[in-house]
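Coordinates in review
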Amino acid sequence: MPKYKCIYCLQTKDEIEFNREHVVPQMMGKYQNGFVLSDFQVCQECNTYFSEQIENNIALDSYEAFLRMQYRDTPMSDGRKLNGNRIRLIGAEGIFKGIPFSVITDKNSPYRVRFESEPMVGIINSIEKQEYDYYSLENLPDAIEEVMKRMKESTQPIINSGIDRELLEPALIEKGYLVDHYTYSEGSVSDLCKELEFMTVINLKIDSIMRRLCAKTVFNYLCYSRGKEFVLDSTFDAIRDYIRYGNWSEQLWFRYSKRPVSTVEMPNDTAHVVGYMWFPENGQ
Ligand SMILES: [Zn+2]
């Protein structure tokens, strides 16, 4: 039986130990005539490692995941939740400003997702702008005079966004917010925002898993376009090792830019530079 060398683990294996590796991971979308490495380049073991340890980590925890939840050809089943380790959506205006939102798939929504605010209590911060400071129950600070004065002047001094009243009320009393006749709204923010559109800020974190996924995509493409022998060269061992095993090397070099890159400063004369661009923008 013929044997082949895997471009990631560099092990020589029987041909049945190889399978197909998509150049662009399918969790980023499926493409017509998408590039595939199917000619004994990536072994099954590496392929499985990548999908279980890298791609599955990102599948519901990235901007790409947020896009898939909204636009995938076959809608995802209801109730899938976007994890908040790499992507956080936070309200950016009015009463929503500062509230972290969970994103959950929902076929009944025209956007296929609904937002649910995390359990928070909002204390009025600006009556004019209708803005609140939001706290989780554990982080609620003691009431100070300035805040109490503002609360007296506001018609809606406190907003409860999803905390049980039995838990919230004693906390508000203990911290000095509920004295005399103060009351607070029972309506949750998610009730208030059902029919509304509002701006959010999306915070993204690019961590090692994300960097390895990007590096794998470009390395796959290099193999696809220049051939297996080219990428088996030992000059690529450092990047190979980083993609497959997560070992960072001083020889490697990553740069990020928020804008398209037309020129890059090379770290040395013999370096290879490969690029990867993704384009998160509203409505895309
Ligand atoms: Zn391998």
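Whatever comes next refers back to the structure up there.
Residues numbered from 1 in each chain as written. Predicted model: local features only at pLDDT ≥ 70, side-chain atom pairs only at ≥ 80, totals over all residues. Heavy atoms only, no water.

Section: helix α6 (residues 208-226)
With 19 residues, α6 extends 26 Å from end C-alpha to end C-alpha; this agrees with the ideal 27 Å at 1.5 Å per step. Looking one or two residues beyond α6, the residue adopting positive phi is glycine 227, at roughly 100 degrees. (Helix = DSSP H or I, 4+ residues; strand = E, 2+ residues; numbered from the N terminus. Expected span 1.5 Å × (residues − 1).)

Examining the environment of glycine 91
Position of glycine 91 relative to the elements: it lies in strand β5 (residues 87-91). Among the residues examined, glycine 91 registers a relative accessible area of 5% and is labelled buried. Sequence separation of glycine 91 and phenylalanine 101 is 10 residues, and the distance between their C-alpha atoms is 7.4 Å. (Buried < 20%, exposed > 50% of the residue type's maximum accessible area, 1.4 Å probe, protein only.)

Quick word on the nonpolar core
Counting residues in hydrophobic clusters, the biggest one holds 30 residues, and the most contacted among them are Ile7, Tyr8, Cys46 and Phe219. Elements supplying a minimum of two residues to this core: α1 (44-59), α6 and α8 (237-245). If we ignore the near neighbours within four places in the chain, the residues touching tyrosine 8 are Val42, Cys46, Phe50, Lys216, Phe219, Asn220, Arg240, Ile243 and Arg244. Judged by nonpolar contacts, the second largest core, of 22 residues, contains Ile95, Met120, Tyr134 and Tyr177. (Core = buried A, V, L, I, M, F, W, Y, C linked by side-chain atoms within 4.5 Å. Contact = heavy atoms within 4.5 Å.)

Quick notes on the coordination of the zinc ion
Distances from the zinc ion to its protein donors, namely Cys6 (SG), Cys9 (SG), Cys43 (SG) and Cys46 (SG), fall within the range 2.2 to 2.4 Å. Around the zinc ion, the 4 donor atoms are arranged such that angles at the metal cover 105 to 115 degrees; this shape is classified as tetrahedral. For the zinc ion, the donor residues sit on a single chain with the sequence spacing C-x2-C-x33-C-x2-C. With respect to class, cysteine 6 is no different from cysteine 9; both count as buried. (Donors = N, O, S within 2.8 Å, 3.2 Å for Na, K, Ca; no water. Tetrahedral: all angles 85-135°; square planar, octahedral: opposite > 155°, others 65-115°.)

Things to note about the sheet that holds strand β9 (residues 131-135)
The 3 strands lie next to each other as β9-β8-β10, forming an open sheet whose pairing is antiparallel. Every interior strand has two partners, whereas the edge strands, β9 and β10 (158-161), have only one. Averaged over all neighbouring strand pairs, the angle between strand axes comes to 30 degrees, with direction disregarded. In the sheet, strand β8 (residues 120-126) pairs with β10 via 4 bridges, with the strands oriented antiparallel. (Pairing = 2+ DSSP bridges. Axes fitted to C-alpha atoms, helices over the stretch in contact; angles between N-to-C directions.)

Structural notes on the pattern of salt bridges
Pairs can form between side chains of opposite charge once their charged atoms are near each other. Under the criterion given, the structure shown has 14 salt bridges. Residues lysine 216 and glutamate 21 are paired through a salt bridge, measuring 2.7 Å at the closest nitrogen-oxygen approach. With lysine 216 in helix α6 and glutamate 21 in strand β3 (residues 21-22), this pair connects stretches of sequence that are 195 residues apart. Look at lysine 216 and you get buried, because its relative accessible area is 1%. Overall, glutamate 21 belongs to the buried group, its relative accessible area being 3%. For glutamate 146, the salt bridge goes to arginine 150, with nearest N and O atoms at 3.0 Å. Here the residue glutamate 146 and the residue arginine 150 both occupy positions in helix α3 (residues 145-153), the gap between them amounting to 4 residues, near one helical turn. Among the ionic contacts, a cluster of salt bridges with common partners joins Glu21, Glu55 and Lys216. (Salt bridge = Lys/Arg side-chain N within 4 Å of Asp/Glu carboxyl O.)

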